[in-house]
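Examining the three-dimensional arrangement
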Number of protein chains: 2
Amino acid sequence: MSHESARELALLLRRLNVELDAVTTRFADLHGLNRTDVRALVAVMDAARRGEALTAGRLGEAVDLRSASVTALVDRLEKVGHLRRTRDAEDRRRVVLEMSETALAAGGEHFGGLARDLTGAMEGYTDDELAVVRRWLEDMTAVITRHNRAEPDGA
Amino acid sequence: MSHESARELALLLRRLNVELDAVTTRFADLHGLNRTDVRALVAVMDAARRGEALTAGRLGEAVDLRSASVTALVDRLEKVGHLRRTRDAEDRRRVVLEMSETALAAGGEHFGGLARDLTGAMEGYTDDELAVVRRWLEDMTAVITRHNRAEPDGA
DNA sequence: CAGTAACCTCTCGACGATCGAGATAATCGA
DNA sequence: TCGATTATCTCGATCGTCGAGAGGTTACTG
């Protein structure tokens, strides 16, 4: 009965989400940070990987914080040496953020290590199987995204 | 190249996680709650579905809060009418928590509606395909769980 | 059945993260 | 040059969480 299967998969998805959340929490605990700090560092890492240097304002958009909170956030991360502030030479109103080498290394170790383990666990799958999984992930993400953007609790 | 596929799937997983997080945040925003409040209500709902009545202490374990915070949490939810406190007749030290009908309805609408949409989106899949997805979800969850329980950042 | 240990929840005071409002400084356009 | 705009920061206030400890309830033990 496919419907029953589907229900189980929805529950599995929830468990997976809990564990994925715990990845962030664990990194935070290990390094004396809170979840927001970790999300911020990840945002800076992602930007760096894309070759962009994040400004304070864009970081605020990425983690959904107001400017006052971003200032406090960057203060915290700068104080412990994970982040550096630099005035942008071209537009001196801007503050560009750079991760320290140690923070980059710690983040790469933790999150990159997980990514490595995940891809490793996928080696036992055929390309066809992974294609199915991919389609499923995209479909589920689309459904959830639509749900999140929809009218307040419309059917 | 299967390795490339795997990397993409890891990224998809991350996006999915972000959207799943947003489900909680959205429900919170719609009802004037914070994320912890929502997690607590979900915990009470889950317990109710299992036929258990949650106590304040067990709720604290479920959402990982100390007793002082649980008191404040239940105060908040009781004040807006989402939760009722009752002294347990058998062990009068205990406070058992029950969701109000309106809160149950709102939660069922939001989260049940999403579950319905998700299972609906899975109708286009064969049982074999869903079996592949299921195996993959279980494998990934196992990897992440191990990662979360492992020695601090061991290779 | 008395006394004590263990348990469950609550109160209180403190701290930290976030915010809104407004200040400060730099850039852009006319 | 001057006003409008942009980017960040400062300040004071609010809210969620916690540690310590109090108060009441149950279980154990002799």
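Report on the accompanying structure. (Residues numbered from 1 in each chain as written. Chains lettered and ligands numbered in written order. Predicted model: local features only at pLDDT ≥ 70, side-chain atom pairs only at ≥ 80, totals over all residues. Heavy atoms only, no water.)

A few words on the nonpolar core. Trp-136 and Leu-137 of chain A together with Trp-136 and Leu-137 of chain B are the most contacted members of the largest nonpolar core, which totals 38 residues. Mapped onto this core, the elements with two or more residues apiece are helix 1 (2-31), helix 5 (101-121) and helix 6 (127-149) of chain A together with helix 1 (2-31), helix 5 (101-121) and helix 6 (127-149) of chain B. Non-local contacts of Trp-136 of chain A, meaning those with residues more than four positions away in its chain, are made with Leu-9 and Leu-13 of chain A together with Met-122, Tyr-125, Leu-130, Val-133 and Leu-137 of chain B. (Core = buried A, V, L, I, M, F, W, Y, C linked by side-chain atoms within 4.5 Å. Buried < 20%, exposed > 50% of the residue type's maximum accessible area, 1.4 Å probe, protein only. Helix = DSSP H or I, 4+ residues; strand = E, 2+ residues; numbered from the N terminus. Contact = heavy atoms within 4.5 Å.)

Now for the protein's contact with DNA strand D. If you check the shell around DNA strand D, you find 22 residues, and the closest are Gly-57, Ser-67 and Arg-85 of chain A together with Thr-36 and Ala-68 of chain B. Each atom of DNA strand D within 4 Å of the protein was assigned to sugar, phosphate or base; sugar and phosphate come to 68%. Take Gly-57 of chain A: an N or O atom from its main chain is 2.6 Å from a phosphate oxygen of DNA strand D. The separation between a phosphate oxygen of DNA strand D and a polar side-chain atom of Thr-71 of chain A is 3.3 Å. Contributions of two or more residues to the surface near DNA strand D are made by helix 3 (56-63) and helix 4 (67-79) of chain A together with helix 4 (67-79) of chain B. (Near = heavy atom within 4 Å. Polar contact = N/O pair within 3.5 Å; in protein donor to acceptor, adjacent residues only side chain to side chain.)

Moving on to the protein's contact with DNA strand C. Close to DNA strand C lie 22 residues, the nearest being Thr-36 and Ser-69 of chain A together with Gly-57, Ser-67 and Arg-85 of chain B. Put simply, 69% of the atoms of DNA strand C that lie within 4 Å of the protein are in sugar or phosphate. A distance of 3.3 Å separates a phosphate oxygen of DNA strand C from a polar atom in the side chain of Thr-71 of chain B. Within the backbone of Val-95 of chain B, a nitrogen or oxygen atom sits 3.2 Å from a phosphate oxygen of DNA strand C.

Time to look at helix 6 of chain B. Between its first and last C-alpha, helix 6 of chain B extends 32 Å over 23 residues, near the 33 Å set by a 1.5 Å rise per residue. What helix 6 of chain B keeps buried is the set Leu-130, Val-132, Val-133, Trp-136, Leu-137, Met-140, Thr-141, Val-143, Ile-144, Thr-145, His-147 and Asn-148 of chain B. (Expected span 1.5 Å × (residues − 1).)

Let's shift gears to unusual backbone geometry. Residue Asp-64 of chain A is not a glycine yet carries a positive backbone phi of 60 degrees. Looking at where Asp-64 of chain A falls in the secondary structure, it is placed in the loop between helix 3 and helix 4.

Here we come to the interface of chain B and chain A. Between chain B and chain A, the residue contacts involve 61 residues of the former and 59 residues of the latter. Across the interface of chain B and chain A, roughly 6100 Å² is buried in total on both sides, 61% from carbon and sulfur atoms. If you look at where chain B meets chain A, you find eight salt bridges. Between Glu-8 of chain B and Arg-134 of chain A there is a salt bridge, with its nearest N and O atoms 2.1 Å apart. Counting the contacts that link chain B with chain A gives 22 residue pairs in polar contact (both at pLDDT 80 or more). (Buried area = accessible area lost by both parts, 1.4 Å probe. Salt bridge = Lys/Arg side-chain N within 4 Å of Asp/Glu carboxyl O.)

Further remarks concern the pattern of salt bridges. Opposite charge on two side chains makes pairing possible when the charged atoms of those side chains draw close. Per the stated rule, a full pass over the model turns up 34 salt bridges over all chains. Notably, a salt bridge pairs Arg-14 of chain A with Asp-46 of chain B, separated by 2.3 Å at the nearest N-O pair. Taken as a pair, Arg-14 of chain A in helix 1 and Asp-46 of chain B in helix 2 (residues 35-49) lie in two separate chains rather than in one. When the shortest N-O distance is used, the salt bridge between Arg-84 of chain B and Glu-98 of chain B registers 3.7 Å. Note that Arg-84 of chain B is positioned in strand 1 (residues 83-87) and Glu-98 of chain B in strand 2 (residues 95-99), a separation of 14 residues in sequence. The class for Arg-84 of chain B is partly exposed, based on a relative accessible area of 36%. Given the relative accessible area of 37%, Glu-98 of chain B is considered partly exposed. Connected through salt bridges with shared partners, the residues Glu-8 of chain A together with Arg-134 and Glu-138 of chain B form a single ionic network.

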